[in-house]
Amino acid sequence: MSGFRSQAAARAIKPGSEVIFTVDGRRYSGIAGETLAASLIASGEMLVGRSFKYHRPRGIMAAGADEPNGLFTVLSGDGAREPNVRATEIEIFDGLTVESQNRWPSLSFDAMAINQLAGKTLAAGFYYKTFMGPVIGPLKGTRFWMFCEALIRRAAGLGRAGTEADTSRYERMNAFCETLVVGGGSAGIEAALAAAATGGRVILCEMSAHAIAAGDKERLDAAGVTVLTRTTVWGWYDGNVLAALERVADHKRTPRPGEPRQRHWVIRAGHVVLATGAFERPLVFPGNDRPGVMLASAAATYAKIFGVVCGRRVAVFTNNDSAYASAHAVHEAGGAVTAIIDVRAQV
């Protein structure tokens, strides 16, 4: 399965919106503001990472925070490194530079993929906490499991943090509101509008930059709702105190003078509405982790929001009605849906 950008989306590109970014030293082009995952799919790239133990090939599977495979290290011009950032949460800009992780010497040719040959001998419990043995003489008092831990962690799939000083600016903010809505989908928008109609102050936090359509943003602004996009609510504490991280300038090559890269919010709310939606649960079958296998909801998101089709010929495998809407979205964007396999006897 090789993705592409739909012709309808290509006609909608504004002059000057194309940008150049770099992945593992290779230059790609994309549309400013779209996610790295969307750009890579549109470029036909299927391989984005390697699995932890066997170093099996991995492709983009989701479109949001549930993406398990596309982890990259973002490099800044001052030498700083931020590892383990999801491709679905990186917004591309001109000059963006990222590196793939958990591979050597390269993503396409990973020497550690030889582990697949020993797959039957490396059971699920074969992790570093399993190695809790006695002291071994040659190791000079170091326990055997500690020796194994150092080796196995190198193949853990996590990126390498940088040692250069971070010259970016960060900011802390406090906010108070009668109602905090977490999630900017249909349910969250309607909850925020209903709460605003009572006259209280309302804050809506949405982790994506693309989830709230322009028309809905206008409705929220008219109702007096404070909307924080690119903002992840990550903690809920006693007394309805919530912590959130706003990615203010991560999508920019150069922040404005005085603009912070990120802003940490402490929000004290009278009421909290969780409208975070749900994650699609993948079906289990042999090879379901290979590049080219994607969640149906993710395929719909890439088609409808970014104008990117996950493949020219797509088969949909489902056990519920929602996948039919995803198939329709892919078809409308220009993909050929060759089959819909539904495991139910009655559809």
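Here is a short report on the structure shown in this document.

What counts and how
Positions within a chain are numbered from 1, following the residues in the order the chain's sequence is written. Local features in this predicted model are restricted to residues of pLDDT 70 or higher, and side-chain atom pairs are both shown and tallied only at a pLDDT of 80 or more, whereas totals for entire chains, interfaces and linings draw on every residue. To obtain the side-chain values, all non-hydrogen atoms of the structure were used and water was disregarded. Pairing between strands is defined by DSSP: at least two bridges between the two strands are required. The way it works is that DSSP assigns letters per residue, a run of H or I at least four long becomes a helix, a run of E at least two long becomes a strand, and they are numbered from the N terminus. Here, axes are lines fitted to C-alpha atoms. For helices the fit covers the stretch in contact, and angles between N-to-C directions go from 0 to 180 degrees. If you view the pair so one helix is near and one far, a crossing is left-handed when the near helix is turned anticlockwise from the far one by less than a right angle, and right-handed when it is turned clockwise. Only heavy atoms matter for contacts: two residues are in contact if any of them lie within 4.5 Å across the pair. Under this scheme an angle from 65 to 115 degrees is roughly perpendicular, one under 35 degrees roughly parallel, and one over 145 degrees roughly antiparallel; angles in between are oblique. When a carboxyl oxygen of Asp or Glu lies within 4 Å of a side-chain nitrogen of Lys or Arg, that pair is called a salt bridge. Type-normalised accessible area, obtained with a 1.4 Å probe on protein chains alone, sets the label of each residue: buried when under 20%, exposed when over 50%, and partly exposed for intermediate values. Here the term patch refers to residues with relative accessible area over 30% and no salt bridge, with like charges joined within 9 Å and nonpolar side chains (Val, Leu, Ile, Met, Phe, Trp, Tyr) within 5 Å. The accessible surface values rely on the Shrake-Rupley method and a 1.4 Å probe; as for residues, cover is taken only from the protein chains in view.

So, the pairing of strand β6 (residues 71–75)
Next up, step 1: Here four bridges tie β6 to strand β7 (residues 81–86), and the two strands are oriented antiparallel to one another. When the sheet's bridge partners are listed, Leu71 is paired in β7 with Arg86.
Next up, step 2: In this structure, the hairpin formed by β6 and β7 is closed by a connection of five residues, where Gly79 is found at a positive phi of approximately 95°.
Next up, step 3: One ladder, built from four bridges, connects β6 with strand β8 (residues 97–100); its direction is antiparallel. Counterpart to Leu75 in the pairing with β8 is Thr97.

Focus on the packing of helix α6 (residues 296–305) against helix α7 (residues 322–332)
Next up, step 1: Running from N to C, α6 and α7 point in directions that differ by 35°, and their axes come no closer than 8 Å. Every pair of crossing elements has a handedness; the one defined by α6 and α7 is left-handed. On α7, the residues touching Ala296, Ser297, Ala299, Ala300, Ala303 and Lys304 of α6 are Ala323, Ser326, Ala329 and Val330.

As for the packing of helix α4 (residues 186–196) against helix α5 (residues 214–222)
Next up, step 1: Direction vectors running N to C along α4 and α5 enclose 20°, while the axes themselves pass 10 Å from each other. On the basis of the axis angle, α4 is roughly parallel to α5. Between α4 and α5 lies a crossing of left-handed hand. For the pair formed by α4 and α5, the contact residues are Ile189, Glu190, Ala192 and Leu193 on the first element and Asp216, Arg219 and Leu220 on the second.

Regarding the sheet that holds strand β2 (residues 18–23)
Next up, step 1: Here five strands make up an open sheet; going across it, the order is β3-β2-β8-β6-β7 and the pairing mixed. Two strands in the sheet have a free side with no partner beyond their single neighbour: β3 (26–31) and β7. The average angle at which neighbouring strand axes cross in this sheet is 35°, direction not considered.
Next up, step 2: Relative to β3, β2 is paired through six bridges, and the arrangement is antiparallel. Note on β3: the bridge partner recorded for Glu18 is Ile31.

What to know about the pattern of salt bridges
Next up, step 1: Summed over all chains, the structure comprises 21 salt bridges.
Next up, step 2: With a shortest N-O distance of 2.9 Å, Arg26 and Glu45 are connected by a salt bridge. With Arg26 in strand β3 and Glu45 in the loop between α2 (36–42) and β4 (49–50), this pair connects stretches of sequence that are 19 residues apart.
Next up, step 3: Here Arg26 falls in the partly exposed class, since its relative accessible area comes to 49%.
Next up, step 4: A residue is classified by how much of its surface remains accessible, and Glu45, at 22% relative accessible area, is partly exposed.
Next up, step 5: Between Glu91 and Arg230 there is a salt bridge; the shortest N-O distance is 2.5 Å. With Glu91 in the loop between β7 and β8 and Arg230 in the loop between β11 (226–228) and β12 (231–237), this residue pair connects regions lying 139 residues apart in the sequence.
Next up, step 6: For Glu91, a relative accessible area of 11% puts it in the buried group.
Next up, step 7: One connected set of salt bridges, linked through shared partners, spans Arg169, Glu171, Glu246 and Arg263.

Looking at the sheet that holds β12
Next up, step 1: Taken together, six strands build an open sheet; the order of strands is β11-β10-β9-β14-β13-β12 and the sheet is mixed. Unpaired on one side and paired on the other, β11 and β12 mark the two borders of the sheet. If you compare each strand with its neighbour and ignore which way they point, the axes differ by 30° on average.
Next up, step 2: Of the pairings in the sheet, the one linking strand β9 (residues 170–182) to strand β10 (residues 202–205) comprises four bridges and is parallel in character. Paired with Val181 across the two strands is Leu204, which belongs to β10.
Next up, step 3: In the packing of α4 onto the sheet, contacts are made with β9, β10 and β14 (262–274), and the angle to β10 comes to roughly 170°.

A look at the environment of Ser76
Next up, step 1: Along the polypeptide, Ser76 turns up in the loop between β6 and β7.
Next up, step 2: Distance from Ser76 to Val98, taken between C-alpha atoms, is 8.8 Å for residues 22 residues apart in sequence.

Considering α6
Next up, step 1: Taken together, the buried positions of α6 are Ala296, Ala298, Ala299, Ala300, Tyr302 and Ala303.
Next up, step 2: The inward-facing, buried residues of α6 abut α2, β15 (308–309) and α7.
Next up, step 3: One or two residues past the end of α6 sits Gly307, with phi positive at roughly 65°.

With respect to a nonpolar patch on the surface
Next up, step 1: On the surface, a nonpolar cluster with roughly 260 Å² of combined accessible area is contributed by Phe317, Ile341 and Val343.
Next up, step 2: Examined against the element boundaries, Phe317 turns out to sit in strand β16 (residues 313–318).

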